[in-house]
Amino acid sequence: MATREIEADAPHDVRTALKRGLRCKCPSCGEGSVFKGYLKVRSSCEVCGLDLTPQRADDGPAYVVILIVGHLMGFSLPVMFEQMRDSPLMVACLLSAFAIILSLIMLPPVKAMFVAFQWAKGMNGFGRSQPAGVNQETRWTEGC
Ligand SMILES: [Zn+2]
């Protein structure tokens, strides 16, 4: 157990963790899936057992996706409008569909990268030594 606590407290490679997050895989082992649905983060990794409950991605992934997709839309709008000047409704429909589809594609990997970054940096309870069987939800219910 002491080896595992020391390993959990050791600094992690951010680049490797982010690459694993980009594939929506566990930041620790890179094999287990971070999600058990579209965006629902598992309580623990199914392969290595990493406790994922300390993650606090919250609205961060949505802000990053809006930032990226918004910029792409902002640069695409004048170009498309110039090319399709006769049909502005078609421009609006195409850009809206593109924005929705791109956002839905980008959200899971961006959220997994947020979780991976928090794990790699030891944020929000990641990396702190905890007694076995105690995760973030347990600490909240017990008032720790
Ligand atoms: Zn894992």
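Please read these numbers as outputs of a predicted model, since none were measured by experiment. (Residues numbered from 1 in each chain as written. Predicted model: local features only at pLDDT ≥ 70, side-chain atom pairs only at ≥ 80, totals over all residues.)

Student: Honestly, the overall build of the protein in this entry has me stumped. Any pointers?
Tutor: A count of helices and strands for the protein gives five helices and zero strands. Counting all 144 residues of the protein, 19% fall into the buried class. Contacts spanning at least 24 positions in sequence make up 57% of the contacts within the protein whose residues lie at least 6 apart. (Helix = DSSP H or I, 4+ residues; strand = E, 2+ residues; numbered from the N terminus. Buried ≥ 20, exposed ≤ 12 C-beta atoms within 10 Å, placed from the backbone. Contact = placed C-beta atoms within 7 Å.)

Student: When you look at helix H3 (residues 60-83) in this model, what are you seeing that I'm missing?
Tutor: Relative to the 34 Å expected for 24 residues at 1.5 Å per residue, H3 spans 35 Å between its end C-alpha atoms, a close match to the ideal helical length. For H3, the principal kink sits at Ser76 and spans about 30 degrees; a proline, Pro78, occurs within the next four residues. (Expected span 1.5 Å × (residues − 1). Bend = angle between axes of the 7 residues up to and from the residue.)

Student: How do you make sense of the nonpolar core when you look at a structure like this?
Tutor: Buried together is how nonpolar side chains tend to be arranged in soluble globular proteins. Met113, Val115, Ala116, Phe117 and Trp119 are the most contacted members of the largest nonpolar core, which totals 16 residues. If you tally residues by element for this core, the top one is helix H4 (residues 88-121), at nine residues. Setting aside anything within four residues of it in sequence, one finds Val115 in contact with Gly21, Pro27, Val34, Val41, Leu52, Gln55 and Ala57. (Core = buried A, V, L, I, M, F, W, Y, C linked by C-beta atoms within 7 Å.)

Student: Looking at this model, I keep getting lost on H4. Mind explaining?
Tutor: Each α-helix winds once per 3.6 residues, and so residues spaced three or four apart point in a common direction. The end-to-end C-alpha distance of H4 is 47 Å, a good match for the 50 Å that 34 residues give at a rise of 1.5 Å each. Of all bends in H4, the biggest is about 35 degrees, found at Leu107, and the proline Pro108 comes one to four residues later. Among all positions of H4, only Val110, Lys111, Ala112, Met113, Phe114, Val115, Ala116, Phe117, Gln118, Trp119 and Ala120 are buried. If you follow the buried residues of H4, they end up packed against helix H2 (14-22) and H3. Looking one or two residues beyond H4, the residue adopting positive phi is Gly122, at roughly 70 degrees.

Student: Just checking my understanding: could you explain the packing of H3 against H4 for this structure?
Tutor: Two numbers describe a pair of packed helices, the interaxial angle and the distance between the axes. For the pair H3 and H4, the least separation of the axes is 8 Å and the interaxial angle reads 155 degrees. In this view, H3 runs roughly antiparallel relative to H4, as classed from their interaxial angle. Both H3 and H4 take part in a crossing whose hand is right-handed. Across from Gly60, Pro61, Val64, Val65, Ile68, Val69, Met73, Ser76, Leu77, Met80 and Phe81 in H3, the residues of H4 making contact are Pro88, Val91, Leu94, Leu95, Ala99, Leu102, Ser103, Met106, Leu107, Val110, Lys111 and Phe114. Classifying every residue of the contact of H3 with H4 gives 19 nonpolar, three polar and one charged. (Axes fitted to C-alpha atoms, helices over the stretch in contact; angles between N-to-C directions. Parallel < 35°, antiparallel > 145°, perpendicular 65-115°, else oblique. Left-handed = near helix turned anticlockwise from the far one by under 90°. Nonpolar A, V, L, I, M, F, W, Y, C, P; charged D, E, K, R; others polar.)

Student: Help me out: how do you make sense of unusual backbone geometry in this one?
Tutor: Excluding glycine, most residues fall at negative phi; most peptide bonds, likewise, are trans. The phi dihedral of Asp58 is positive, around 50 degrees, even though this residue is not glycine. Locating Asp58 in the fold gives a position in the loop between H2 and H3. Even without glycine at this site, Asn124 takes up a positive phi of about 60 degrees. Take Asn124: it is sitting in the loop between H4 and helix H5 (136-142).

Student: Where do I start with the packing of H2 against H4 in this structure?
Tutor: Direction vectors running N to C along H2 and H4 enclose 155 degrees, while the axes themselves pass 7 Å from each other. Our classification of the angle between H2 and H4 gives roughly antiparallel. Two packed elements cross with a definite hand, and for H2 against H4 that hand is right-handed. Taking contact as the criterion, the partners of Val14, Ala17, Leu18, Arg20, Gly21 and Leu22 in H2 are, on H4, Pro109, Ala112, Met113, Val115, Ala116, Phe117, Trp119, Ala120 and Lys121. Residue composition of the contact of H2 with H4, grouped by class: 12 nonpolar, one polar and two charged.

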